[in-house]
Amino acid sequence: MANFALGLGVGTKSSAGDWLEVYYNAPLLNADDALVAAVAEKVGYEGGNQAIELDAAQLKSLEAAFLSVDAEAQAEVVEILEGTSQPVVLCILETDAAPQTTAEVYLKLSLLSNRLVQPHGLDLSGMFPLLPNVAWTNEGAVALEDLPRRQLSARAQGRVLDVQSVDKFPKMANYAVPAGIRIGDAARIRLGAHVGEGTTVMHEGFINFNAGTLGVSMVEGRISAGVVVGNGSDVGGGASTMGTLSGGNNVVISVGENCLLGANAGLGLPLGDRCTIEAGLYVTGGSKVTLLDDQNNSVGVIKAAELAGKPDLLFRRNSQNGRIEVKTNKSAIELNAELHSHN
């Protein structure tokens, strides 16, 4: 029986019975046939992409099914969830088709944040209408239509329901904390971010969904939706990348390996390996740039888009005439090896 992804999740519903969010503790990618077959028999799954809400009996039956195929991590999840009053869902994706339910979206976002899939490795088309806008509070997800009553109830008991954000996406750290990372402010990394091993995200750093780092990086700026930063590259303080939701359109903005976006710099084109954009310089695909030879003589003016993906380039602003200049970055920029070694 074919399977793309599988997850046993526990979540939250609104008072109207609509799913607000789902937490998958141990999502699986490409589970083997025996596991899917054992689970299918217990819950009546006959194929396709389905999110099946489980009753207590179905949930209990899954423990034996998982143990029969040595899926001990999933069996442990069942054991912990037995007796919960929260709704439980088994999400099985036979293919990576566009999601059709909230539970499917959360499974796919969890695959990204658990580093089982890299950004742009999943079909997320049509996901936004499936993600309700939720009040994320110190007591979990609350539907906006339920919020006034929940706030009043809390006050009546002498406490405050703390609304930390109102958003379609929760913070990643409440759903997945992959190994080998540091995060200064967890609220600035959304579920669906891919944070590579060895990455440090400082307090002002931000990583959106379906975006992130692939290895060792220092992130002090903004990694927008869809942007991927290669191993060994740093995003300086206040630096920004133009994502698919902020002007990048169909162009996938990316940063190659061993690059540096200087403080308050900006990027709006795919950057090759070992490239540097100096502090304060924003370069988009439409920016006119002057090419320099080894003697710093101008050899022509082109659009920056023509340099997309090319390695070993230094982008800088001429402080006398204001033009953007590009020359070969022979020194390539030596990133702080000591800092990275302690990420």
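It should be emphasised that the depicted structure is a prediction, and the values quoted were computed from it without experimental measurement. (Residues numbered from 1 in each chain as written. Predicted model: local features only at pLDDT ≥ 70, side-chain atom pairs only at ≥ 80, totals over all residues. Heavy atoms only, no water.)

Trainee: Honestly, the sheet that holds strand 7 (residues 140-143) in this entry has me stumped. Any pointers?
Mentor: Strand pairing in a sheet is mediated by backbone hydrogen bonds. Such pairs are either parallel or antiparallel. The three strands lie next to each other as 7-6-8, forming an open sheet whose pairing is antiparallel. Each of the sheet's edge strands pairs with one partner strand only, and the pair in question is strand 7 and strand 8 (163-167). Across the sheet, the axes of successive neighbouring strands diverge by a mean angle of 30°, strand direction being ignored. The sheet contact formed by strand 6 (residues 134-137) and strand 7 spans four bridges and is antiparallel. Looking across to strand 7, one finds that Val134 is bridged to Ala143. Across the face of the sheet, helix 5 (residues 147-156) comes into contact with strand 6, strand 7 and strand 8 while running at roughly 125° to strand 7. (Pairing = 2+ DSSP bridges. Helix = DSSP H or I, 4+ residues; strand = E, 2+ residues; numbered from the N terminus. Axes fitted to C-alpha atoms, helices over the stretch in contact; angles between N-to-C directions. Contact = heavy atoms within 4.5 Å.)

Trainee: How do you make sense of the UniProt feature "active site" (unreviewed entry) in the chain when you look at a structure like this?
Mentor: According to UniProt, the feature "active site" (unreviewed entry) maps to Glu220 in the numbering used here. Mapped onto the secondary structure, Glu220 falls in the loop between strand 13 (218-219) and strand 14 (222-223). Ignoring any residue separated from it by four or fewer positions in sequence, one finds Glu220 in contact with Met202, Glu204, Gly205, Val235, Gly236, Gly237 and Gly238. (UniProt positions renumbered as here; feature names shortened; annotations may be inferred.)

Trainee: What am I meant to see in the nonpolar core here?
Mentor: In globular proteins that are soluble, nonpolar side chains generally tend to be buried together. Ile223, Leu261, Leu267, Leu271, Ile277 and Phe315 are the most contacted members of the largest nonpolar core, which has 34 residues in total. Of all the secondary structure elements, the ones that give two or more residues to this core are strand 25 (313-317) and strand 26 (324-328). Non-local contacts of Leu261, meaning those with residues more than four positions away in its chain, are made with Asp234, Val235, Gly236, Ala239, Thr241, Val255, Leu267, Leu271 and Ile277. Residues Leu93, Leu122, Leu130 and Trp136 belong to the second largest nonpolar core, which totals 31 residues. (Core = buried A, V, L, I, M, F, W, Y, C linked by side-chain atoms within 4.5 Å. Buried < 20%, exposed > 50% of the residue type's maximum accessible area, 1.4 Å probe, protein only.)

Trainee: Where do I start with the side chain of Ser224 in this structure?
Mentor: Residue position: Ser224 is located in the loop between strand 14 and strand 15 (228-229). On the basis of relative accessibility, which here comes to 2%, the residue Ser224 falls in the buried class. Here Thr241 takes part through its backbone oxygen, which lies 2.5 Å from a polar atom of the side chain of Ser224. (Polar contact = N/O pair within 3.5 Å; in protein donor to acceptor, adjacent residues only side chain to side chain.)

Trainee: What is the right way to read unusual backbone geometry from this model?
Mentor: Most peptide bonds adopt trans geometry, and most residues besides glycine take a negative phi value. Residues other than glycine seldom take positive phi values, yet Asn30 does so here, at roughly 55°. Position of Asn30 relative to the elements: it lies in the loop between strand 3 (28-29) and helix 1 (33-43). Phi angles above zero are rare outside glycine, and Arg274 is one such case at about 55°.

Trainee: Please explain the layout of surface pockets as it appears in this structure.
Mentor: Estimated volume of the largest pocket: approximately 370 Å³. Lining the largest pocket are 19 residues, and of these Trp136, Gln164, Pro170, Lys171 and Asn174 sit closest to its centre. Of all the secondary-structure elements, those providing two or more residues to the lining of the largest pocket are strand 2 (19-24), strand 6, strand 7 and strand 8. Looking at which element gives the most residues to the lining of the largest pocket, the answer is strand 8, with three residues. A per-class count over the lining of the largest pocket returns eight nonpolar, six polar and five charged. (1 Å grid on protein atoms, 1.4 Å probe; cavity = no way out; pocket = protein on both sides within 12 Å on 5 of 7 lines; lining within 4 Å. Points joined across faces, edges and corners; volume = space filled by probe spheres on them. Nonpolar A, V, L, I, M, F, W, Y, C, P; charged D, E, K, R; others polar.)

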